[in-house]
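Commentary on secondary and tertiary structure
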Amino acid sequence: RAKAKGRNRSEVFDRALHDEALRTLDLENDLRRALIEGRFEPYYQPIVSLEDGARVGYEALLRWNHDSRGVLAPESFLAVAEEGGLIEQIDWLIYERVFRDMGRLLADGEYVCINVSARHFHVPGMAERLLGLLRTCGADPSRLRIELTEGALLDEAHNVSAALYDLRVAGVRTQLDDFGTGYSALSYLHRYPIAAIKIDRSFVAELDGNGSQGGHAVVRAILALAQSLGLETIGEGIETPEQRRRLAALGCERGQGFLFAAPAPLAAVAG
Ligand code: C2E
Ligand code: MG
Ligand code: MG
Ligand code: MG
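Residues numbered from 1 in each chain as written. Chains lettered and ligands numbered in written order. Predicted model: local features only at pLDDT ≥ 70, side-chain atom pairs only at ≥ 80, totals over all residues. Heavy atoms only, no water.

As annotated in an unreviewed UniProt entry, the protein chain carries the name EAL domain-containing protein and comes from Coralloluteibacterium thermophilum.

Listed below in structure tokens is the structure:
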């Protein structure tokens, strides 16, 4: 009897795995079709100065205009796109769109940030390819920043450091995304040409009146570290005036979040 039960359980388990595999395959096929049909698009979210609220630039965020499910954010498909090796193709399409949008999008002195998956550095020549595409699109490299997560810095095997220096020499700055959630590679920070760090929104969320003292301490520590290394700081996911006020009081210079504006397509942000 126990055996029968065990078998049933494993059949249920196999079935679940099978369904999961099919869903992944479906999604991968949908992604491939969406690539061919040109259904990916950058949305733009303003980045502002916390002191006076003035816009300093935008972050470009990938969106999928799905034929039946509406506009999808990366959360629902990024993992499958990465595993299926599709994110590289999607990203290069997005980067080209962003570079072509820059002229219309950016006012004097503003910049745009793109998200770059660590996988891009596994292919040699990432920096050259990015700079080449900027040239082709007639875009100014000094108006571009790339966002990497901390994990990318730990990847000694792929010469990420050399690529970041090549980009920096050409004018492209690098900022660290979701800072504090990854490996917090503090010892690596000064070895890379990093211009800014983005404080992850999980810490920003704890800055509300009823938030824990722990969140405060982490934000304070990150800001102190950034200041001592001469790095600019950006608070992510700011949703309330209280979060904005506390970040600014702690010395954070810039921010983005729904409090200021949600990500929107080019037509909505640049008239
Ligand atoms: P991220 O780079 O940390 O982007 C910030 C995320 O926070 C975005 O989610 C943005 O829409 C969301 N956000 C902005 N303000 C608020 C707020 O006030 N509250 C809350 N709750 N969320 C806010 P999104 O657009 O879903 O992107 C998720 C992640 O997907 C990004 O995190 C980034 O890691 C990745 N990603 C986005 N675009 C691209 C891309 O073009 N290429 C690659 N490889 N990854 C991308
Ligand atoms: Mg980002
Ligand atoms: Mg982030
Ligand atoms: Mg993130």
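So, about helix α4 (residues 126-136). Looking only at α4, the buried set comprises Met 126, Ala 127, Leu 130, Leu 131, Gly 132, Leu 133 and Leu 134. Elements in contact with the buried residues of α4: α3 (87-105), β4 (111-115), β5 (144-149) and α6 (160-170). Gly 138 sits one or two residues past α4 and shows a positive phi near 65 degrees. (Buried < 20%, exposed > 50% of the residue type's maximum accessible area, 1.4 Å probe, protein only. Helix = DSSP H or I, 4+ residues; strand = E, 2+ residues; numbered from the N terminus. Contact = heavy atoms within 4.5 Å.)

Glancing now at the pairing of β4. Of all five residues in β4, four are buried; the element is thus mostly enclosed. In this structure, strand β2 (residues 55-66) lies alongside β4, joined through three bridges in parallel fashion. Within the sheet, the bridge partner assigned to Tyr 58 lies in β4 and is Val 112. Where β4 meets β5, four bridges bridge the pair, whose relative direction is parallel. The partner of Cys 113 across the bridge, within β5, is Arg 145. At this point the chain moves from β4, through α4, to the parallel β5, and the crossover so formed is right-handed. (Pairing = 2+ DSSP bridges. Right-handed = clockwise from strand over helix to strand, strands pointing away.)

Moving on, we come to the coordination of the magnesium ion (ligand 2). Protein-derived coordination of the magnesium ion (ligand 2) comes from Glu 59 (OE), Asn 115 (OD1), Glu 147 (OE) and Asp 177 (OD), at a distance range of 2.0 to 2.2 Å. Here the donor residues for the magnesium ion (ligand 2) map to a single chain with the spacing E-x55-N-x31-E-x29-D. (Donors = N, O, S within 2.8 Å, 3.2 Å for Na, K, Ca; no water.)

Lining the immediate surroundings of ligand 1 are 23 residues, of which Arg 63, Asp 91, Asp 177, Glu 239 and Phe 258 lie closest. Contacts to ligand 1 include Asp 177, whose side-chain N or O atom sits 2.8 Å from an oxygen atom. Within the side chain of Arg 201, one N or O atom sits 3.0 Å away from an oxygen atom of ligand 1. Protein contacts shield 84% of the accessible area of ligand 1, which totals 800 Å² for the unbound molecule. Given that more than half its atoms are within 2 Å of the pocket grid, ligand 1 belongs to the largest pocket. Every element with two or more residues in the shell around ligand 1 is listed here: β2, α3 and β6 (173-179). Partitioning the shell around ligand 1 into residue classes produces nine nonpolar, five polar and nine charged. (Near = heavy atom within 4 Å. Polar contact = N/O pair within 3.5 Å; in protein donor to acceptor, adjacent residues only side chain to side chain. Areas by Shrake-Rupley, 256 points an atom, 1.4 Å probe, with all protein chains shown as cover. 1 Å grid on protein atoms, 1.4 Å probe; cavity = no way out; pocket = protein on both sides within 12 Å on 5 of 7 lines; lining within 4 Å. Sits in = over half its atoms within 2 Å of the grid points. Nonpolar A, V, L, I, M, F, W, Y, C, P; charged D, E, K, R; others polar.)

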